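Structure at a glance
The lines below spell out each chain.
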Amino acid sequence: MVGMRSKLGLIVVALAIVYVVWGSTYLAIRVAVEEMPPLLGMGSRFLVAGALLAAVLRFRGVDLRVTLTELAGSALLGLMLPFLGNGFVAVGESLGAPSGVAALLIAAVPIFVTLYRFLAGDRPRPWSVTGVLLGFGGLAWLVLGGRDQGDVPLLGACFVVAASAFWAFGSWVQPRLRLPRSAFVLTVYEMWSGGAMMAAAGLLHGERLSPGDYDSSTWLAWGYLVVVGSVVAFSAYVWLLANAPIGLVATYAYVNPVVAVFLGWLILSEPITSAVVVGGLIIVVSVAIVISVERPRRRDDAPALGLEREAA
């Protein structure tokens, strides 16, 4: 009984970390890109986070060696998740997309995953089709309705929607790749490869880091993303996948946007407009429908619904 209570307590703590921390990363990104260039800033974040996680794993005696095939698979996920997923979120927020709106748009990842499954020949269930159509309706309402109210720049929103699509593709393709057996080792190589590609793209685009010009809030946001957003929250998430029902773990997809919208309003005074409320509610409901209908039977199938995720 004591052991069960202890495990239940750990599940509650891990869920709280994933709920709050991943919801807050959108706010931290928005603060960081006020001064940092988005691709170099987030690329350096993943390179440092990968190094910290690798050091922890080595200290615990984990073998970090991988085959060339596993490295290639990890690099493809690094391209889709940290680079085109997280990197495009940072670019979108640097172009003015509010952090709460970005979180709501990224919440549509399971909808895009389901669409990819349909395109690949999976037979759709009627409620899945309903959820996908409803979700895209919510995306359109959030972006277009928000433009009328002056709080959602179209270009920034387009980058975040593209990030959601790339993130979903990475999650969909993951089970089809040969990858390191350890989720933590996989994450190290995803972070390193994605961070390197992001930094290279930033340099090619003309971005330059000026560390001495950034104020304390920028560095605090960046450090939070490195340590808490990437290493701590992802570790909690991986532990949850192994110790809690996948249906319970999947609830982060509903909670993160709520946390992000609230924090954006509280700290950055981002407006909670009717477009945010209506469009966001439609997206969350559509995601709930898709996850409920397409819920995997085994924890190993979590990536099939886009539940495998780097911290945003």
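Residues numbered from 1 in each chain as written. Predicted model: local features only at pLDDT ≥ 70, side-chain atom pairs only at ≥ 80, totals over all residues. Heavy atoms only, no water.

1. Section: the environment of V160
Following the sequence through the fold, V160 ends up in helix α7 (residues 154-173). Residues V160 and A102 lie 58 residues apart in sequence; the distance between their C-alpha atoms is 6.2 Å. Sequence-distant contacts of V160, defined by excluding residues within four places in its chain, comprise F88, V89, G92, A97, A102, L105 and I106. (Helix = DSSP H or I, 4+ residues; strand = E, 2+ residues; numbered from the N terminus. Contact = heavy atoms within 4.5 Å.)

2. Describing the nonpolar core
The biggest cluster of nonpolar side chains holds 67 residues, and the ones touching the most others in it are L105 and I106. Top element by residues in this core is helix α3 (residues 68-94). It accounts for nine residues. Formed by 17 residues, the second largest nonpolar core is a distinct cluster that contains A14, Y19, F234 and A244. (Core = buried A, V, L, I, M, F, W, Y, C linked by side-chain atoms within 4.5 Å. Buried < 20%, exposed > 50% of the residue type's maximum accessible area, 1.4 Å probe, protein only.)

3. Examining the pattern of salt bridges
Oppositely charged side chains are able to pair whenever their charged atoms sit close together. Within this structure, the stated rule accounts for two salt bridges. A salt bridge links R30 to E34; its shortest N-O distance comes to 2.6 Å. For E34, a relative accessible area of 55% corresponds to the exposed category. With a shortest N-O distance of 3.0 Å, D63 and R65 are connected by a salt bridge. (Salt bridge = Lys/Arg side-chain N within 4 Å of Asp/Glu carboxyl O.)

4. As for unusual backbone geometry
Its identity is not glycine, yet S269 carries a phi of approximately 60 degrees, on the positive side. By the secondary structure assignment, S269 is in the loop between α11 (252-268) and α12 (274-293). A relative accessible area of 58% means that S269 is categorised as exposed.

5. Digging into the side chain of E70
Positionally, E70 belongs in helix α3. We note that E70 is buried and unpaired, the nearest opposite charge coming from R178 at a distance of 6.6 Å. (Lys, Arg positive; Asp, Glu negative; His and termini not counted.)

6. Some points on the packing of aromatic side chains
Aromatic ring pairs: the centre-centre distance and the angle between the two ring planes describe each pair. Counted under the stated rule, the structure contains 15 aromatic pairs. Aromatic pair Y116 and W172: ring centres 6.3 Å apart, planes at 50 degrees, arrangement tilted. Pair noted here: Y116 is in helix α5 (residues 109-119) and W172 is in helix α7, with a separation of 56 residues, a long-range link. Each member of the pair, Y116 as well as W172, is classed as buried. Both rings, one in W219 and one in W222, keep their centres 5.7 Å apart while their planes meet at 85 degrees; by these two values the pair is edge-to-face. Taken together, the residues span about one helical turn, with W219 and W222 both in helix α9 (residues 216-243) at a distance of three residues. Ring-pair connections join several aromatic residues into one group, and the members of that group are W22, F184, F234, Y237 and Y252. Of note, R45 hangs over the ring of F46, and the distance from its end group to the ring centre comes to 4.5 Å. Above the ring of W172, the side-chain terminus of R176 is found at 4.1 Å from the ring centroid. (Phe/Tyr/Trp six-rings, centres within 6.5 Å; stacked < 30°, edge-to-face > 60°. Lys NZ or Arg CZ within 6 Å of the ring centre and 35° of its normal.)

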